[in-house]
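Residues per chain, in single letters:
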Amino acid sequence: QQQVKQSPQSLIVQKGGISIINCAYENTAFDYFPWYQQFPGKGPALLIAIRPDVSEKKEGRFTISFNKSAKQFSLHIMDSQPGDSATYFCAATPNDGQNFVFGPGTRLSVLP
Amino acid sequence: DTAVSQTPKYLVTQMGNDKSIKCEQNLGHDTMYWYKQDSKKFLKIMFSYNNKELIINETVPNRFSPKSPDKAHLNLHINSLELGDSAVYFCASSQDFTGEEGEKLFFGSGTQLSVL
């Protein structure tokens, strides 16, 4: 119930393409869904986040799509750039904001 | 003026030794965490402290003991290190979890622990 599933494990995209990473959860108590970006040798950093009362959130080239009934959410990176190459983690937390549960991560490589 | 800083960045030690990792945050946050990232990049919470009080203590061996001398510091002490302890350990902080900011985790840059 506490798990967050994430796919694919790795993703290779050409520069300018669209990168899509999918996540799914079971626990209906989760009500905040952030995405974190991690570069090699660095800690994860918050990229974008969504609450289940909206179906989509866009910040620049990054968009989260949220499907509450299916308990799924996804990250879309438009016009992917080599600088986007990193590991991406979806996460979920219940409304007490304490116990973040992370997906296993997706290693994105954007080819020049 | 790093927000969450942890030391050392690399720690190489022999099996059976005792070691500590220090963490400090200058964000004024109330909650601090320790996460373990294994070789497959999987991030798992170990401990969470809110205002120096232990809030979350996941299934972690007793050899791991967090210490929070004040709300800006959360250190991790590990006794009798084992080969399986090799991982990257991340400190993180967030504001009072009851608020909007509570959901934002700020991570340190990690401590790569290698047990030989």
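In short, a report on the structure.

Next up on the list: the overall build of chain A. Of the regular secondary structure elements, chain A holds zero helices and 11 strands. Sequence-ordered secondary structure for chain A, helices as α and strands as β, is β-β-β-β-β-β-β-β-β-β-β. Relative to the globule expectation of 13 Å for 112 residues, the C-alpha radius of gyration of chain A, 13 Å, shows essentially globular dimensions. Its C-alpha atoms put chain A at 40 × 30 × 20 Å along the principal axes.

Ranked by internal contacts, the top residues of the largest apolar core, which has 25 residues, are Phe33, Trp35, Phe73, Leu75 and Tyr88 of chain A. Only β2 (10–14), β3 (19–25), β4 (30–38), β5 (45–50), β7 (62–67), β8 (72–77), β9 (86–94) and β11 (106–111) of chain A provide two or more residues apiece to this core. Take this core: its biggest share by element is four residues, from β9 of chain A. Not counting residues up to four positions away in its chain, the partners in contact with Tyr88 of chain A are Gln6, Ile21, Tyr36, Gln37, Leu47, Phe62, Leu75, Ile77, Gly105, Thr106 and Leu108 of chain A. With 20 residues, the next largest nonpolar core counts Ile21, Phe64, Ile78 and Val115 of chain B among its residues.

Residue and element names in this part refer to chain B. Checked against the element boundaries, Gln25 lands in strand β3 (residues 19–25). A distance of 3.1 Å separates a polar atom in the side chain of Gln25 from the backbone oxygen of Lys71. The residues contacting Gln25, other than those within four sequence positions of it, are Ala3, Val4, Met32, Lys71, Ala72 and Ser93.

Rules used in this analysis
- Note that residues are indexed from 1 along each chain, following the sequence as it is written.
- Each chain takes a letter, starting from A, and each ligand takes a number, starting from 1, following the order in which they are written.
- Only residues with pLDDT of 70 or above have their local features reported here, since the model is predicted, and side-chain atom pairs are shown and tallied only from 80 upward, although totals for entire chains, interfaces and linings are computed over all residues.
- The side-chain quantities take in all heavy atoms of the structure and omit both hydrogens and water.
- We count a stretch as a helix when DSSP gives it H or I for four or more residues in a row; a strand needs E for two or more, and each element gets its number in order from the N terminus.
- For this measure, only C-alpha atoms enter the radius of gyration; the expected value for a globule follows 2.2 Å times N^0.38, where N is the number of residues.
- We call a set of buried residues a nonpolar core when its members are Ala, Val, Leu, Ile, Met, Phe, Trp, Tyr or Cys and they connect through side-chain atoms within 4.5 Å of each other.
- We call a residue buried when its accessible area falls under 20% of the maximum for its residue type, exposed when it is over 50%, and partly exposed in between, using a 1.4 Å probe and counting protein chains only.
- Residues count as neighbours in contact if any of their non-hydrogen atoms are within 4.5 Å of one another.
- Polar contact is the term for a pair of N or O atoms within 3.5 Å; when the atoms are in protein, one must be able to donate a hydrogen and the other to accept it, and sequence-neighboring residues count only if both atoms are side-chain atoms.

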